[in-house]
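Working through the structure, step by step
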Amino acid sequence: MLPSHLNGHSPLARRPRLYAATPPITGESDAAAAAAAEAPIPEHDRVYFQSYAHIGIHESMIKDRVRTDAYRSAIAYHQKFIEGKVVMDVGCGTGILSVFCARAGAKRVYAVEASEMATQAREIVKANNLNDKVIVIHGRVEDVEVEDRVDVIISEWMGYMLLYETMLPSVLFARDKWLKPGGLILPSHATLFMAPITNSERYEGSVDFWSDVYGINMSALVPLAKKFTSEEPSIEIIGGENVKHIDCYTFKAEELKSITTKYKVSSMMLAPIHGFGLWFEVEFNGPSNPSDGSSDLNPLENNPKKRRRGPEDAVLLSTAPEDEPTHWHQTILYFPDPIEVKQDQIIEGSLTVSQSEENPLSK
């Protein structure tokens, strides 16, 4: 589980995954709608959803030009598939993606949002004269009832390291319940990458720092600093290896409970390894553009500068260190102590990402 307070990143750093009840859209009384909205929510979920009513999180995501432009480009690329069709936006936030889809010609957009930001989303829809196309539903997606099967599901579900605070289970739930056969999912595929890193400056600043603090020997804190460094993943920008691939058309929610993948990389230099950096890419392909379904790819056979992207691929959103920075940056998992390696030395092992039993919203 990635701590929310890390490096100034609060729970406001990501949108919540939608998790269960919503007022009905039509055909029921206000009292029934209110009762549905008051369905019991676990305390950690309630606090989590409340945090996403803060405008700051939505500002940071929308200002992430790489992220927002990728979605707008993907919608434009698939416009012929969206025109005249029914779309579901899972975790709509301010409703910006719903508006993009409506302007691309969607017949109807169900914009589902669990936080109080749904109220502002309705106002935004109204201000853009899209009330006849976009229906904002304030609630948790797992209990939503809509009038139509949908042709398209769109969602910005990715979290740090792809899977932290991910809404992917909710997207898969919506896929299995409402998506028509042959329907479109945006994004369609995701890949998690990993590479060893060396960062002596950070290690020295966090660990060796305690050996001499204003002339005072505080080395008694070094073991605690090492423990903290290795237990607290860091969100940073680092300056390329494919370890996990997810096909949103076929991936199952139960697979997210625990994901283990093996890695095997070669050191490019004689240097200490301080940990591993992780980042992700997502693709916006149609169901007729299947990607490689492999979940464990040998990094030694893949140049990290090269994409799996082929000429048939539509749009790619990358958080790789060599690409333009996004608000996700990269996630760094530090070791308690650096490991000295020689050039071309093989480094291999396994990585396991498990869902938190106490708080399923985190991984």
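Quick note: structure is the one above.
Residues numbered from 1 in each chain as written. Predicted model: local features only at pLDDT ≥ 70, side-chain atom pairs only at ≥ 80, totals over all residues. Heavy atoms only, no water.

Here we look at the overall build of the protein chain
Within the protein chain one finds 10 helices and 13 strands. Out of the 363 residues in the protein chain, the part that is buried amounts to 52%. For the protein chain, the exposed area adds up to about 16,500 Å²; of that, 53% sits on carbon and sulfur atoms. (Helix = DSSP H or I, 4+ residues; strand = E, 2+ residues; numbered from the N terminus. Buried < 20%, exposed > 50% of the residue type's maximum accessible area, 1.4 Å probe, protein only. Areas by Shrake-Rupley, 256 points an atom, 1.4 Å probe, with all protein chains shown as cover.)

A look at the pattern of salt bridges
Close approach of charged atoms allows side chains with opposite charge to pair. A complete count under the given rule lists 10 salt bridges for this structure. Arg65 is paired through a salt bridge with Glu324; the nearest N and O atoms lie 2.7 Å apart. The class of Glu324 is partly exposed, set by a relative accessible area of 44%. Through salt bridges that share partners, Arg65, Asp69, Arg72 and Glu324 make up one connected network. (Salt bridge = Lys/Arg side-chain N within 4 Å of Asp/Glu carboxyl O.)

Some details on the packing of aromatic side chains
Considering all chains together, one arrives at 7 aromatic pairs under this definition. Here Tyr71 and Phe284 contribute two aromatic rings whose centre-to-centre distance is 4.9 Å and whose plane-to-plane angle is 80°, an arrangement assigned as edge-to-face. We note that Tyr71, like Phe284, is buried. Geometrically, the ring pair formed by Phe280 and Trp328 is edge-to-face, given 5.3 Å between the ring centres and 80° between the ring planes. Placement of Phe280 in strand β10 (residues 271-283) and of Trp328 in the loop between β11 (316-318) and β12 (330-341) is noted, with a sequence separation of 48 residues between them. For the pair Phe280 and Trp328, one class covers both residues: buried. Clustering of aromatic rings is evident, with ring pairs tying together Tyr263, Phe276 and Phe335. Across from the ring centre of Phe81, 4.9 Å away, lies the NZ or CZ of Lys85, which sits over that ring. (Phe/Tyr/Trp six-rings, centres within 6.5 Å; stacked < 30°, edge-to-face > 60°. Lys NZ or Arg CZ within 6 Å of the ring centre and 35° of its normal.)

Some details on the packing of helix α4 (residues 65-77) against helix α6 (residues 96-103)
Their axes nearest at 10 Å, the elements α4 and α6 cross at an angle of 25°. As summarised for this structure, α4 and α6 are arranged roughly parallel, according to the angle between their axes. Judged by the sense of rotation from one axis to the other, the crossing of α4 with α6 is right-handed. Contacts from Thr68, Tyr71, Arg72 and Ile75 of α4 reach α6 at Ile96, Leu97, Phe100 and Cys101. Per-class residue counts for the contact of α4 with α6 are 6 nonpolar, 1 polar and 1 charged. (Axes fitted to C-alpha atoms, helices over the stretch in contact; angles between N-to-C directions. Parallel < 35°, antiparallel > 145°, perpendicular 65-115°, else oblique. Left-handed = near helix turned anticlockwise from the far one by under 90°. Contact = heavy atoms within 4.5 Å. Nonpolar A, V, L, I, M, F, W, Y, C, P; charged D, E, K, R; others polar.)

Observations regarding the environment of Glu59
Checked against the element boundaries, Glu59 lands in helix α3 (residues 55-63). Put simply, Glu59 and Thr94 are 35 residues apart on the chain and 9.5 Å apart in space, counted from C-alpha to C-alpha.

Quick word on the sheet that holds strand β1 (residues 86-90)
In space, the 5 strands of this open sheet follow the order β3-β2-β1-β4-β5, with parallel pairing throughout. Every interior strand has two partners, whereas the edge strands, β3 (134-138) and β5 (179-186), have only one. Strand after strand, the sheet turns through a mean of 20° between neighbouring axes, direction not considered. Pairing between strand β2 (residues 108-113) and β3: 5 bridges, direction parallel. The residue of β3 that forms the bridge with Ala111 is Val136. Each of β2 and β3 touches helix α7 (residues 117-127); the most contacted strand, β3, lies at about 170° to it. (Pairing = 2+ DSSP bridges.)

Regarding the pairing of β2
If a strand is regular, its side chains alternate between the two faces of the sheet. Counting buried residues along β2, 5 of its 6 residues qualify, which places the element largely inside the surrounding structure. Between the parallel elements β1 and β2, the chain passes through α6 in a crossover that is right-handed. In this region the chain leaves β2, passes through α7 and returns to the parallel neighbour β3; the handedness of that crossover is right-handed. (Right-handed = clockwise from strand over helix to strand, strands pointing away.)

What to know about unusual backbone geometry
Of note, the amide linkage connecting Leu186 to Pro187 takes the cis form, showing an omega dihedral of -5°. Tracing the backbone through its elements, the reader meets Pro187 in the loop between β5 and β6 (189-197). The phi dihedral of Asn129 falls on the positive side, at around 55°, and the residue is not glycine. As for its position among the elements, Asn129 is in the loop between α7 and β3. For Asn129, a relative accessible area of 67% corresponds to the exposed category.

Examining α6
Taking burial as the measure, the 8 residues of α6 include 6 buried ones, the bulk of the element. Within α6, the full set of buried residues consists of Leu97, Ser98, Val99, Phe100, Cys101 and Ala102. Residues of α6 that are buried make contact with α4, α5 (79-82), β1, β2, β3 and β4 (150-154).

So, the side chain of Arg67
On the secondary structure map, Arg67 appears in helix α4. On the accessibility criterion, Arg67 (3% relative accessible area) is buried. One polar contact links the side chain of Arg67 to the main-chain carbonyl oxygen of Met61, over a distance of 3.1 Å. Within the structure, Arg67 has its side chain in polar contact with the side chain of Thr68 (distance 3.1 Å). (Polar contact = N/O pair within 3.5 Å; in protein donor to acceptor, adjacent residues only side chain to side chain.)

Looking at the pairing of β1
Buried residues dominate β1, accounting for 5 of its 5 residues. Burial of β1 is two-sided: the residues Val86, Met88 and Val90 facing one way and the residues Val87 and Asp89 facing the other way are all buried. Of the strand pairs in this sheet, β1 and β2 are connected by 5 bridges, and their pairing is parallel. Within the sheet, the bridge partner assigned to Asp89 lies in β2 and is Ala111. Where β1 lies against β4, 3 bridges are found, and the strand directions are parallel. Counterpart to Asp89 in the pairing with β4 is Ile154.

Such coordinate-based values are descriptive only and should not be taken to indicate function.
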